[in-house]
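# Structural features, examined
Residues per chain are reported as follows:
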Amino acid sequence: MSSFGYNNRILMVNLSSGEIGLEHPGDAFYRRYVGGANLGAYYLLKNWKKGIGALDPENTIVFAASPLTGTPVPGFSRHSVVSVSPLTGTIVDSEAGGYFGPELKKAGYDAVVITGKAKKPVYLAILDDKVELKSAENIWGRVTKEAEMGIRKDLKEDKAIVTQIGPAGENLVSFACIVNNLKHFNGRGGLGAVMGSKNLKAIAVRGSKKVNVFNEELLREKVKSFAGKFKDNPFNNLLNRLGTAGVTTLQNTDGQLPTKNFQTGVFSKAENLSGEKIHETIFHRAEACYACSVRCKMTVSNETEGFELDPAYGGPEYEGISALGPYTEIGDLLTVAKANEMCNKYGLDAVSMGSIAAFAMECYEKGLIKKEEAEGIELVFGNNEALIQLIKAVKERKGIGNLLADGIRKAAEKMGKEAEKLAVHVKGMDFAAHDPRAKVSFGLAYAVQPIGPDHIGHFGDPGLSPDGFDNVPDQLNSFGFYDTHSPDDLDLGKAAFFYYGQMINSFHDVFDICTFTSVPGGTWELSDILELIKAITGWNYSAWELMKLGERRVNMLKVFNVLNGIGAEEDRLPPRMFEPFQSGPRKGAKIEKEALEKTIKAYYQVAGWDSSGVPGKAKLIELGLGWLSERLEKKE
Amino acid sequence: MEIKVHYLSPFMEITEAKNEIIKTKKELTIAELLEQLVERYGERFAKFIYRYDANKQIEGYRVIIKKNDYLAKKDDFIKDGDQITLITAIIGG
């Protein structure tokens, strides 16, 4: 084998015909597209023709790892799923940690490209070189734990890694997610519904090979160095001690915990939902993604009748806690943990579920959803039982749940203009729990990112201030960006700051690196990442090349959107972001509309796009994406 | 003068207390208070507070400070009875 890190084998599956084949893209392809988000976007764009919608059989869904995935490096466990989103109509790449990516690599594949639609429910079984489609009729309709057990029994493989959808994906809920090992999620964008539309319940994989690396000794040395660096890193220590739930208290203390459908940034019951409280009450044990010593996955258990919690489903994390808790003003930990477990069992994105519940509650409060339309669900803020009932209704698409299952934008459009004002979304995707009024660069990010309001699409403002805590992350200096910016300003300089941050987080999604370990402020520094790429692939990568890799991702995603008719008019923020916070340390803070519009235009210029946000021909050619420039010209 | 300092995770794992009263005779800035706390809690605490360059010189901060209900700057003065909270900068969403 001459390649290091990657297998040069991509599995091609046509569910309509049942054909299964292999492609060997070659070294030049891997150096240019690498893996993860870019590999997925490449195959989606190659297959996609104008008019193919998210749930059409002709849509493509790609599961892609990277050359780094499956090596024993903390933070290198992730994989991407890429497809057209039923929630937004945009392309979406959604990354998850866990074990699926590493196992796929060990089975000898870098990616699985799936097209078509099976006549009956199936799952794809990959056992090293033996690949086949098997009936999933006996597990269709089952919650994820039962389905995983059924597949492992069917394959007689107790250790098969299963990535799958739950009943929500089968029922084509627009924000259904994909989950591996019951607790690691490709959460955003509704890609679970894409699998559901194809009658594809799951992919199960078991591999016996080892990822071939260029320099074992250097790799071992680097992995060993992680422990020493990690113990002095405050952010990764916080994650290790409390998981992402540790962030809840920080966000609330700082006045930026989205509460009551984003009406304010402080929640009086936040302490009940904190990482500390979870640790004292329902904490079961800390778990990890493949080969990761940060161990930020806090599982929970409980035996109280009606609130039983099964640690197999993991535990509530910051984003889910916020959406199911503060967004809806529910401050009861057991209710939030139960709601989170239900989302995990049914295969619902907990962020979108909490968002749509909060939206529905505000609509109900304002008389936009009538009591009879709610069919007995008392949709008031803070009502624990209403949240539980609503999750079931959405999963089953029953009553009001059927309307809400189409996602926040479509639901609001059906309800009318007043409801649209209350719908906190961009391009149809609801907001993760980082409020742009507190972190203004998130305002720009949420507005312009091709997949919608992705909260890890860049690394935000915290710690930036020219006259206070001047903390320009080291990684930006390495890219040639030195200027500090006030965290509160939305201006031309912030457009550049965001652009550089967006490219850094984009290359994370292409190499499928965990942001928590590798973002500025994480344990791995940029120099470590470059050395790890060298040790694994043999490539002499540079910061410049990483930047170009990130640009390639963003431009490919953007071209898809332009071809699919999603243009600059959707690079916007919802009305709530122009209203001030009602209370808390950041009372009065809001996004200034004019400043946002100017900054969006500046961002387009920094990106080499025209004033409508369309990537220029020269930029695409520079990135080796001339084939996309031709498609833009032909508009097909 | 008395200042109440609150420690969230991961600081409280080092201080082994959620908060404490710092007594001081002279008026302090936020930066001076952080220096005193670093002296008290040692090297690991310092690494949670400061960002160092390749020569191990302090070149910035990794912490956000809240003074009473508002975010503070490093040169802000602390008054008797002020409450100071140390918050780790969360980067990356």
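Remember, it's a predicted structure, so these values are computed and weren't measured experimentally.

Next up on the list: the pairing of strand β1 (residues 2-7) of chain B. All names here are of chain B. Burial along β1 is one-sided: I3, V5 and Y7 are buried, and none of E2, K4 and H6, which face the opposite way, are. Both β1 and strand β2 (residues 19-23) contribute to a ladder of five bridges, which runs antiparallel. Pairing of H6 across the sheet is with N19, part of β2. Note: β1 against strand β9 (residues 83-88), four bridges, orientation parallel. Bridging across to β9, H6 finds its partner in T85.

Residues and elements named next belong to chain A. Inspection of the secondary structure puts A602 in helix α24 (residues 593-607). A sequence separation of 109 residues divides A602 from G493, and the C-alpha atoms of the two residues are 8.8 Å apart. Residues within four places of A602 in sequence aside, it is in contact with L492 and A495.

Attention now goes to the pairing of strand β4 (residues 79-84) of chain A. Residues and elements named next belong to chain A. Where burial is concerned, most of β4 is hidden: six out of the six residues are buried. Alignment of strand β3 (residues 61-64) against β4, held across three bridges, turns out to be antiparallel. Looking across to β4, one finds that V62 is bridged to V82. The antiparallel hairpin formed by β4 and strand β5 (residues 91-96) contains six residues in its connecting segment, where G89 sits at a positive phi of about 80°.

Another aspect to go through is the confidence of the model for chain B. Residue and element names in this part refer to chain B. With 96% of its residues at a pLDDT of at least 70, chain B reaches an overall mean of 88. Here strand β7 (residues 70-71) is the element of chain B with the lowest mean pLDDT, 78, and strand β8 (residues 77-78) is the one with the highest, 96. Complex prediction metrics read pTM 0.95 and ipTM 0.77.

Moving on: the domain arrangement of chain A. Residues and elements named next belong to chain A. Segmentation of chain A into domains returns domain 1 (10-206), domain 2 (254-430) and domain 3 (440-572 + 592-634). Taken over C-alpha atoms, the centre of domain 2 sits 30 Å from the centre of domain 3. By residue class, the composition of the side of domain 2 that touches domain 3 is four nonpolar, one polar and one charged.

On to the interface of chain A and chain B, then. Tallying the contact residues gives 34 residues for chain A and 26 residues for chain B. Taken together, the elements giving at least two residues each to the side of chain A that touches chain B come down to α8 (234-242), α9 (247-253), α10 (275-280) and α21 (515-518) of chain A. Ranked by residue count, the leading element in the side of chain A that touches chain B is α8 of chain A, at six residues. Broken down by class, the residue content of the side of chain A that touches chain B amounts to 15 nonpolar, 13 polar and six charged.

Right, let's get into the packing of helix α7 (residues 216-230) of chain A against helix α22 (residues 526-537) of chain A. Residues and elements named next belong to chain A. Where α7 contacts α22, the axes come no closer than 8 Å and their chain directions differ by 150°. With respect to their mutual orientation, α7 and α22 come out roughly antiparallel. At the point where α7 passes α22, the crossing takes the left-handed sense. Taken together, the residues of α22 that come into contact with α7 (itself represented by L218, L219 and K222) are D528, E531, L532, A535 and I536. A class-by-class count of the residues in the contact of α7 with α22 yields five nonpolar, no polar and three charged.

Residue and element names in this part refer to chain A. The six strands are arranged β8-β7-β12-β9-β10-β11 in an open sheet whose pairing can be described as mixed. Across the chains shown, the open sheet's two edge strands, defined by having one partner strand only, are β8 (130-135) and β11 (184-186). Shown here is a sheet whose adjacent strand axes are inclined to one another by a mean of 20°, direction ignored. Examined bridge by bridge, strand β10 (residues 178-180) and β11 share three bridges and lie antiparallel to one another. In the sheet register, V179 faces β11, and the bridge partner there is F185.

Thresholds, definitions, all that
- Residues numbered from 1 in each chain as written.
- Chains lettered and ligands numbered in written order.
- Predicted model: local features only at pLDDT ≥ 70, side-chain atom pairs only at ≥ 80, totals over all residues.
- Buried ≥ 20, exposed ≤ 12 C-beta atoms within 10 Å, placed from the backbone.
- Helix = DSSP H or I, 4+ residues; strand = E, 2+ residues; numbered from the N terminus.
- Pairing = 2+ DSSP bridges.
- Contact = placed C-beta atoms within 7 Å.
- pLDDT = per-residue confidence, 0-100.
- Domains from an automatic or database assignment.
- Nonpolar A, V, L, I, M, F, W, Y, C, P; charged D, E, K, R; others polar.
- Axes fitted to C-alpha atoms, helices over the stretch in contact; angles between N-to-C directions.
- Parallel < 35°, antiparallel > 145°, perpendicular 65-115°, else oblique.
- Left-handed = near helix turned anticlockwise from the far one by under 90°.

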